[in-house]
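Coordinate analysis (summary)
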Amino acid sequence: MADKLHFELVSPAKLLKSEDVDMVVVPGTEGDFGVLPLHAPVVSTLRTGIIEVHNESGIEKLIVVGGFAEVNAEGLTILAEIAKPLSEVDRTAYEAELKDLEEDVQDAKDDETKARAEKARDQIISILEILDREAA
Amino acid sequence: MANLKDLRNRIASVTSTQKITKAMKMVSASKLKRAQEAAESARPYAERMENVLSSLASSMKGQSGGPKLLAGTGNDQKQLVIVATSERGLCGGFNTNIVKAAKAKIKALINDGKDVTIITIGKKGAGVLKREYSDRMVEHFDLTHVKRLQFSDAAPISARLIEKFEAGDFDVCTLFFAKFINVLTQKVTPLQLIPASFDAENSVDLGGACYDYEPDENEILEELLPRNVGVQLFRALLENAASEQGSRMTAMDSATRNAGDMIDSLRTTYNRSRQAVITNELIEIISGAEAL
């Protein structure tokens, strides 16, 4: 088993992935890091970004928003609030949402709702930035 | 003796009631299956989260000045009770049981001289609590529009809780919900959300291995603890949804059976009185003929 890394991706709603892979690149808050089999135990928080899953059939890319990664003797576990294969991400949907949220920010009556709308907007913006970078 | 027409009407009305309860039972059986699946698929996330947090928490133990969400405010004067019930009725003792347990707790806290505030999720519990504690109820979350509970439904509630906690509105927060054990049994469970409580048994033995923390432990805890509140809440709501459907299914099942019994006894009475009427008529005809 030492030549493979057991990788699990979990969202609050369900277990998205549980498989053995060669390597996973994780977008940690303090920088991306690759996890190979027999990696030292680590707990790290994640920033919004791309997880790269490397195995024989190639590289699979998934977008994650918020969460953390844990590496232990059993393998790598990523807990993410949102996780989606890059190929399934619908850019136009995010653009539409961004527009909605921009309007929310404009319409916000008090500081509290404004702050909340801005936070949501920034999240969408960072997702879009990542998509741009991947497309380039 | 009730007349035949009345009896016929009653039989018809009980039969249609039975049809309704039977349909409701069927519907909740299929909803229950879905709710159960959802509750099960949410389990890995919550469990992993708990494992990581409890091992972090145990490594932090003994150090002073940990995050407030874990260590508490060092006070328990201001208590917040969250009561999660269903949005719809006709589900047996489901709501009553939750409210009863919550009320007992609230009463005990008030007797201890604590300041108690209440947040309700689901309008069935809110209605009952309003009668007694309307001045203590600070907020209500409505999930009527939610067909299938998603994490994004629970997130705003937990965000609001953390906001209130940081504003110093409460020190301890307890959530009342019904844990799904099986279709027949649901157990009302109090769950302390803030400060977070962990079972020492659940903490994974790291086998002497030392984790690297990136960024440091404190920052990870700061980030994970609020998220954990959301996850726990989400999980509790999922369990609650499954319990509600289970409870409704049993309630509707026994209602269907009761209606069946009632129809049987009504039908017997109906047949008897029909018989009696015929006999009466015959007697009248015969005695009339004899009199001639």
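1. Description of the overall build of chain A
Helix and strand counts for chain A come out as 2 helices and 8 strands. Going residue by residue from the N terminus, the α and β elements of chain A occur as β-β-β-β-β-β-β-β-α-α. C-alpha extents for chain A along the principal axes are approximately 55 × 30 × 25 Å. Relative to its full complement of 136 residues, chain A shows a buried share of 44%.

2. Details of the domain arrangement of chain B
When cut into domains, chain B gives domain 1 (4-19 + 252-291) and domain 2 (23-249). The C-alpha centroid of domain 2 of chain B is placed 52 Å from the C-alpha centroid of domain 1 of chain B.

3. Some details on a nonpolar patch on the surface
Taken together, the side chains of B:Ile278, B:Leu282, B:Ile285 and B:Ile286 make up a nonpolar region of the molecular surface, amounting to roughly 370 Å² of accessible area. With respect to the helices and strands, B:Ile278 occurs in helix α7 (residues 217-291).

4. A closer look at the packing of aromatic side chains
For any pair of aromatic rings, the description rests on two quantities: the centre-to-centre distance and the angle between the ring planes. Residue and element names in this part refer to chain B. Evaluated as defined, the whole model comprises 2 aromatic pairs over all chains. Each ring, one from Phe151 and one from Phe234, has its centre 5.4 Å from the other, and the planes form 90°; the classification is edge-to-face. Taken together, the positions of Phe151 in helix α6 (residues 151-166) and Phe234 in helix α7 put the pair 83 residues apart, joining distant regions of the chain. What makes Phe234 buried here is its relative accessible area of 3%. A centroid spacing of 5.6 Å and a plane angle of 50° characterise the contact between Phe165 and Phe170, whose relative ring orientation is tilted. Of the two residues, Phe165 and Phe170, neither departs from the other in class, the shared state being buried.

5. Topic: the interface of chain A and chain B
Taken together, the contact between chain A and chain B spans 28 residues of the former and 22 residues of the latter. Carbon and sulfur atoms supply 61% of the area buried between chain A and chain B, which totals about 2200 Å² over both sides. Linking chain A with chain B are 2 salt bridges. Across the salt bridge formed by A:Glu81 and B:Arg227, the nearest N and O atoms sit 2.8 Å from each other. The interface formed by chain A and chain B includes 2 residue pairs in polar contact (both at pLDDT 80 or more). Among the elements of the structure, β1 (5-10), β4 (31-35), β5 (42-45), β7 (58-72), β8 (75-85) and α2 (111-135) of chain A are those that each provide at least two residues to the side of chain A that touches chain B.

6. A closer look at the domain arrangement of chain A
All names here are of chain A. Per the domain assignment, the segments of chain A are domain 1 (5-87) and domain 2 (91-135). A straight line from the C-alpha centre of domain 1 to that of domain 2 covers 25 Å. Taken together, the contacts link 7 residues of domain 1 with 6 residues of domain 2. In total, domain 1 and domain 2 occlude about 630 Å² of area from one another, counting both sides; carbon and sulfur atoms represent 71% of this. The interface formed by domain 1 and domain 2 holds 0 salt bridges in total.

7. Here we look at helix α4 (residues 94-111) of chain B
All names here are of chain B. In this model α4 runs 26 Å from its N-terminal to its C-terminal C-alpha over 18 residues, within 8% of the 26 Å that 1.5 Å per residue would give. Within α4 the residues assigned to the buried category are Phe94, Asn95, Ile98, Val99, Ala102, Lys103, Ile106 and Leu109. Across the axial projection of α4, the buried residues extend over an arc of 135°, all falling on one side. For α4, the exposed residues set more than 90 degrees away from the buried face come down to Lys100 and Asn111.

Calculation rules
- Residues numbered from 1 in each chain as written.
- Chains lettered and ligands numbered in written order.
- Predicted model: local features only at pLDDT ≥ 70, side-chain atom pairs only at ≥ 80, totals over all residues.
- Heavy atoms only, no water.
- Helix = DSSP H or I, 4+ residues; strand = E, 2+ residues; numbered from the N terminus.
- Buried < 20%, exposed > 50% of the residue type's maximum accessible area, 1.4 Å probe, protein only.
- Domains from an automatic or database assignment.
- Patch = residues over 30% accessible without salt bridge, like charges linked within 9 Å, V, L, I, M, F, W, Y side chains within 5 Å.
- Areas by Shrake-Rupley, 256 points an atom, 1.4 Å probe, with all protein chains shown as cover.
- Salt bridge = Lys/Arg side-chain N within 4 Å of Asp/Glu carboxyl O.
- Phe/Tyr/Trp six-rings, centres within 6.5 Å; stacked < 30°, edge-to-face > 60°.
- Contact = heavy atoms within 4.5 Å.
- Buried area = accessible area lost by both parts, 1.4 Å probe.
- Polar contact = N/O pair within 3.5 Å; in protein donor to acceptor, adjacent residues only side chain to side chain.
- Expected span 1.5 Å × (residues − 1).
- Arc of directions from axis to C-beta.

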